[in-house]
Amino acid sequence: MDMHALSEEEKQHVFMERIINNEKIEADDWMPTEYRDTLIKLISMHGISEIMGALPEKEWVPRAPSLQRKLSIMAKVQDEMGHGQLLLRVTEDLLKPYGKDRQDIMEDLFSGRLKFHNVFHMPTKTWADAGMIAWLVDGAAIMTQTNMLNASYGPYARALHRICAEEVFHAQHGESIVMAMAEGTVAQKEMLQDSLNRWWESLLMFFGPATKETTGTSKQDITIKYKIRSKTNEELRQKFLTKYIPRIQALGLIIPDPALAFNEAEGIWEYTQPDWKKFKEIISNKGPRSQERLRLRKISYSENAWVRKALQESFTPSS
Ligand SMILES: [Fe+2]
Ligand SMILES: [Fe+2]
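Worth saying up front: this structure is predicted, and the values here are computed from it rather than measured.

*Asks:* Before we move on, could you go through the packing of aromatic side chains and cite the residues and values that matter?
*Replies:* If you walk through the whole model with that rule in mind, you get 13 aromatic pairs. Relative to Y35, the ring of F15 has its centre 4.9 Å away and its plane inclined at 65°; by these criteria the two rings are edge-to-face. Residue F15 is located in helix 1 (residues 8-20), and its partner Y35 is located in helix 2 (residues 33-58); the two are separated by 20 residues in the primary sequence. The exposure class assigned to F15 is buried, which follows from its relative accessible area of 1%. On the basis of an interplanar angle of 65° and a centroid distance of 5.9 Å, the ring pair of F110 and Y301 is categorised as edge-to-face. On the criterion of sequence distance, the pair formed by F110 in helix 4 (residues 102-111) and Y301 in helix 12 (residues 290-303) is long-range, its members being 191 residues apart. Since its relative accessible area comes to 13%, Y301 is described here as buried. Each residue in the set F15, W30, Y35, Y153 and Y226 is aromatic and connected to the rest through ring pairs, giving one cluster. Over the ring of Y244 we find R247; its NZ or CZ atom is 5.9 Å from the centre of that ring.

Spelled out as structure tokens, the structure:
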């Protein structure tokens, strides 16, 4: 259909018909500004979080306790950087009509306009954290990402198919570390419990606040309206609790929330709400490691400038 001949209102209508009919929207298709802007925000945050997550993880490569663990955490770090690259390319296509590119994404990160996931603002103190993150943070990421495997935006859905396949390997790598420690010495078990105690609140926060009352926006509604995602933040958090609570307890670990209980009548988990005010501060780059991670990213961005320059020169036609 020639979209140019249509009025703005007709274009909106045709677009929503395509969404309702589960058609995939592609990079060059006409799309409402609200759809484009929502995707840019979502995918750039996802992509940058992959890269910002690789930073705390790579700190553990030299300290991994065996060659096998070193190889698997190294593979994970490489995968995460690759996920970041894939997603930033998807974002770049969406940014084209605005005359923006990848450099602008990086500058938005450095200036604080572009946020990254709460978990990557936190310190990783012990090897148990490396296991806990891979098992449960990647486990949580698998839940939010599989929720978007059928996203209406084709390039994002296709990138997620590849990413999710690799995330499963990450979660298994984490589970293997956690299981080894749970079967280990008293000191190892204590280290694991201490890690869970420190990470539990961040894991609950990972899915975002439940309601509009706490966020003051209807971002969730927009992504659901356009079939970018299907489940809400709270539905995803509940799914996570249902899957992982029995597994965590089976390892002999105690979840640090005395209010945690399954409400049989309503079929939901009851839990102590994380501190959502603190969550907002953390993602506004006021978390314990926010500034340090941003500083590291800036250093590597400027130190690698020559690679970008060399690539650009070698791909520019010489005519
Ligand atoms: Fe990833
Ligand atoms: Fe991962």
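*Asks:* Just give me the short version of the coordination of the iron ion (ligand 2), but keep the residues and values in it.
*Replies:* Bound to the iron ion (ligand 2) on the protein side are E80 (OE), D138 (OD), E167 (OE) and H170 (ND1), at distances that span 1.9 to 2.2 Å. Metal-centred angles of 91 to 160° between the 4 donor atoms at the iron ion (ligand 2) mark the site as irregular. Every donor residue of the iron ion (ligand 2) comes from the same chain, spaced as E-x57-D-x28-E-x2-H. The metal-metal distance between the iron ion (ligand 2) and the iron ion (ligand 1) comes to 3.3 Å, with E80 coordinating both. Within this pair, whereas D138 is found in helix 5 (residues 127-146), its partner E167 is found in helix 6 (residues 154-182), the two being separated by 29 residues in sequence. Comparing D138 with E167, the two get one shared label, buried.

*Asks:* Help me get a handle on the environment of Y156, residues and values and all.
*Replies:* For Y156, the location among the structural elements is in helix 6. Spatially, the C-alpha atom of Y156 lies 7.7 Å from that of I43, the residues being 113 residues apart in sequence.

*Asks:* Go over the coordination of the iron ion (ligand 1) with me, naming the residues and quoting the values.
*Replies:* Within the protein, E50 (OE), E80 (OE), H83 (ND1) and E167 (OE) serve as the donor atoms for the iron ion (ligand 1), at 1.9 to 2.2 Å. For the iron ion (ligand 1), the donor residues sit on a single chain with the sequence spacing E-x29-E-x2-H-x83-E. Judged by its relative accessible area of 7%, E50 falls in the buried class.

*Asks:* Describe helix 10 (residues 233-250), with residues and values.
*Replies:* In this model, helix 10 (18 residues) spans 26 Å end to end at C-alpha, consistent with the 26 Å of a helix rising 1.5 Å per residue. Along helix 10, the largest kink reaches about 35° and is centred on Y244; proline P246 follows within four residues of it. Those residues of helix 10 that fall on the buried side of the exposure criterion are N233, L236, R237, Q238, F240, L241, Y244, I245 and I248. Where helix 10 is buried, its residues meet helix 5, helix 7 (186-206), helix 9 (219-225), strand 2 (268-270) and helix 11 (276-286).

*Asks:* Tell me about the environment of A141, residues and numbers included.
*Replies:* The residue A141 is located in helix 5 in this model. For the pair A141 and H46, spaced 95 residues apart in sequence, the C-alpha to C-alpha distance is 9.9 Å.

*Asks:* How would you summarise a positive patch on the surface if you had to cite specific residues and measurements?
*Replies:* Together, K41, K115, K219 and K280 make up a region of like positive charge exposed at the surface. Positionally, K115 belongs in the loop between helix 4 and helix 5.

Rules used in this analysis
- Per chain, residues are indexed from 1 in the order of the written sequence.
- Note on labels: chains are lettered from A, ligands numbered from 1, in written order.
- In keeping with the model being predicted, local features are shown solely for residues with a pLDDT of at least 70 and side-chain atom pairs are shown and tallied solely at 80 or more, while totals for entire chains, interfaces and linings include all residues.
- The side-chain values count all of the structure's non-hydrogen atoms but skip hydrogen atoms and water molecules.
- Classification of ring pairs rests on two measures: the distance between centres of Phe, Tyr or Trp rings, Trp counted by its six-membered ring, which must be within 6.5 Å, and the angle between planes, read as stacked under 30 degrees, edge-to-face over 60 and tilted in between.
- Runs of H or I in DSSP of at least four residues are treated as helices and runs of E of at least two as strands, each being numbered from the N terminus.
- Think of it in three bands: with a 1.4 Å probe and only protein chains considered, a residue is buried below 20% of the maximum accessible area for its type, exposed above 50%, and partly exposed in between.
- Only when the NZ atom of a Lys or the CZ atom of an Arg is both within 6 Å of the ring centre and within 35 degrees of the ring normal do we say a charge sits over the ring.
- For Na, K and Ca the donor cut-off is 3.2 Å, and for all other metals it is 2.8 Å, counting N, O and S atoms only; because water is absent from this set, sites may look incomplete.
- Only two sets of limits are used to name each site, 85 to 135 degrees for every angle of a tetrahedral four-donor site, and over 155 degrees for opposite donors with all other angles from 65 to 115 for a square planar four-donor or octahedral six-donor site, with any other site named irregular.
- Helix span, expected: 1.5 Å multiplied by one less than the number of residues in the helix.
- Two axes are fitted around each residue, one to the seven residues ending there and one to the seven starting there, and the angle between them is reported as the bend at that residue.
- Contacts are assigned to residue pairs with any non-hydrogen atoms lying within 4.5 Å of each other.
- Without a salt bridge and with relative accessible area above 30%, a residue can belong to a patch; like charges are then joined within 9 Å and nonpolar side chains (Val, Leu, Ile, Met, Phe, Trp, Tyr) within 5 Å.
- Here, Shrake-Rupley sampling with a 1.4 Å probe gives the accessible areas, and only protein chains in the shown set may cover a residue.
- For this analysis, a salt bridge means a side-chain nitrogen from Lys or Arg found within 4 Å of a carboxyl oxygen belonging to Asp or Glu.
- By the counting scheme adopted, Arg and Lys are positive, Glu and Asp are negative, and His together with the chain ends is not counted.
- Where a charge lies is defined by one atom per residue type, namely NZ (Lys), CZ (Arg), CG (Asp) and CD (Glu).

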